[in-house]
Amino acid sequence: MKYELLAPAGAFPQLHAAISAGADAVYLGLKELNMRATGKNFTFQELKKASKICKQKNIRIYLTLNTIIYSSEIKKLEKLIKKISKQKLVDAIICWDLAVIKLCRKYKTPFHISTQASVSNTESANFYKKLGAKRIILARELNLKQIKEISKIIPVECFCHGAMCVSISGRCFTSQFLQGKSANRGQCTHPCRRPYLITDLTDSTKQLKLQNNKVMSAKDLCTLPFIEKMKKAGITSFKIEGRNRAPEYVYTVTKIYKKALNKKLTKKQIIQSIQELKKVYNRGFSSGFYIKTPTSDDFSFSENGEQTEKKVFIGKVQKYWPKAKVAHVKIMTGKLKPGNEIYIIGKNTGIKKTKIQSMEINKKPVRQAKKPQDVGIKLPPCQKGDEIYLISQKN
């Protein structure tokens, strides 16, 4: 069986990162009506460009229209879906609001049911199948046995890696209550990730600080150790969470899971792969609900992530000479020297990781370049405006 690896594309660098790492499909959102409204996302014109890129690479593209929809937005929504359908811009729309489903049916646009619908039983699966859904992204509270049962009815998509909400499949109201920003409109401010004290309301001087005061901050999902069991559960599409995460996260996670879906990894390869996953942003790893019900061990202790590497902005590419494979780089902060590992990140370049072999200033080799110097560096293909980041170990 061929499995689909579905990667997040929060913006063009992530889109290119996903494609170059081996994704079979990507999912993305527009500037509104999606569950990551705080991200960069795409304009309609950018969606057309993204669609063209994906078609050229034979990559499927899914659009998220998965927020709550209000009556005042129906006309705008219909106009959008009509244009998407007419121009054949996406392979499917990810949704759960019945208004979106109705319009997808009207304009004959394939649709997948979002995890926001919390589909967790065969009756619900049958209901959406009869409505015309081509796939269901199942509730995240399910174990592998329950998933296998539903997969016999309709193709299913499940998350294999990335952030988990304290409300699991969504519908959280904490951000709305505290700051008036609704998670169900894609505006979550992530109050669950912050530390809290327990205060006695009758005596505010009495407070408790728990051993782990991030009592609502779930660890990230990581299914790599039991990916073979996932394959046997009837899952059609393996989804990576992370439309708000950086290009290096998208590239690293996609590349590793692509390898795991293509062939069975040895124990040694799994251990090595997890070490690679730990280099990019994560809050520690959990198996979610797939194997067992989460415990207190599945909550994160970290404030700013547990990744072992960090990237620091250094400067921008001013010009690139393809024949010589040399870039003119303007150092805007910090410094660079031969031997440094760097990321090159750009809208069309995506992300590239390389090690600096040598540098020149005024055609003379130098051991170091710092702000505000201009330096020539041999680099893989990149473009003017691409950003240069120094990779270092996180303290």
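Scroll up to find the structure this text is about.
Residues numbered from 1 in each chain as written. Predicted model: local features only at pLDDT ≥ 70, side-chain atom pairs only at ≥ 80, totals over all residues. Heavy atoms only, no water.

Remarks on helix α1 (residues 12-21)
Reasoning step 1: Most of α1 sits out of view: nine of its ten residues are buried.
Reasoning step 2: All of the buried residues along α1 are Phe12, Pro13, Gln14, Leu15, His16, Ala17, Ala18, Ile19 and Ala21.
Reasoning step 3: Check the buried side of α1 and you find it contacts β1 (4-8), β2 (25-29), α2 (44-56), α9 (247-262), β16 (341-346) and β17 (350-355).
Reasoning step 4: Among the residues trailing α1, Gly22 stands out with phi positive, at a value near 110°. (Buried < 20%, exposed > 50% of the residue type's maximum accessible area, 1.4 Å probe, protein only. Helix = DSSP H or I, 4+ residues; strand = E, 2+ residues; numbered from the N terminus. Contact = heavy atoms within 4.5 Å.)

Looking at the pairing of β2
Reasoning step 1: Across the five residues of β2, five count as buried, placing the element largely inside the fold.
Reasoning step 2: Of the two faces of β2, the one holding Ala25, Tyr27 and Gly29 and the one holding Val26 and Leu28 are both buried throughout.
Reasoning step 3: The pairing of β1 with β2 spans three bridges and is classified as parallel. Bridged to Ala7 within β2 is Val26. (Pairing = 2+ DSSP bridges.)

Overview of a positive patch on the surface
Reasoning step 1: Together, Lys148, Lys152, Lys229, Lys232 and Lys264 make up a region of like positive charge exposed at the surface.
Reasoning step 2: Within the fold, Lys232 resides in the loop between α8 (227-231) and β11 (235-240).
Reasoning step 3: The exposure class of Lys232 is exposed, given its relative accessible area of 63%. (Patch = residues over 30% accessible without salt bridge, like charges linked within 9 Å, V, L, I, M, F, W, Y side chains within 5 Å. Areas by Shrake-Rupley, 256 points an atom, 1.4 Å probe, with all protein chains shown as cover. Salt bridge = Lys/Arg side-chain N within 4 Å of Asp/Glu carboxyl O. Lys, Arg positive; Asp, Glu negative; His and termini not counted. Charge placed at Lys NZ, Arg CZ, Asp CG, Glu CD.)

Some details on the sheet that holds β17
Pairing between the strands of a sheet comes from backbone hydrogen bonds, and it takes one of two forms, parallel or antiparallel.
Reasoning step 1: Strands sit in the order β17-β16-β22-β13-β14-β21-β18-β19 across an open sheet of eight strands; the sheet is antiparallel. Of all strands in the sheet, those bounded by a partner on one side alone are β17 and β19 (364-365).
Reasoning step 2: By the bridge criterion, four bridges tie β16 to strand β22 (residues 387-393) in an arrangement that is antiparallel. Among the inter-strand pairings, Tyr343 is bridged to a residue of β22, identified as Tyr389.
Reasoning step 3: Its contacts with the sheet put α1 on β16 and β17, and the angle it makes with β17 is roughly 70°. (Axes fitted to C-alpha atoms, helices over the stretch in contact; angles between N-to-C directions.)

Here's the deal with helix α4 (residues 98-106)
Residues three or four positions apart in an α-helix share a direction because the helix packs 3.6 residues into each turn.
Reasoning step 1: Residues Val100, Ile101, Leu103 and Cys104 constitute the buried set of α4. Along α4, the residues classed as buried sweep out an arc of 165° about the axis, all on the same side. Of the residues in α4, the exposed ones pointing more than 90 degrees away from the buried face are Leu98, Lys102 and Lys106.
Reasoning step 2: Its side-chain oxygen at 2.8 Å from the backbone nitrogen of Ala99, Asp97 defines the N-terminal cap of α4. (Arc of directions from axis to C-beta. Polar contact = N/O pair within 3.5 Å; in protein donor to acceptor, adjacent residues only side chain to side chain.)

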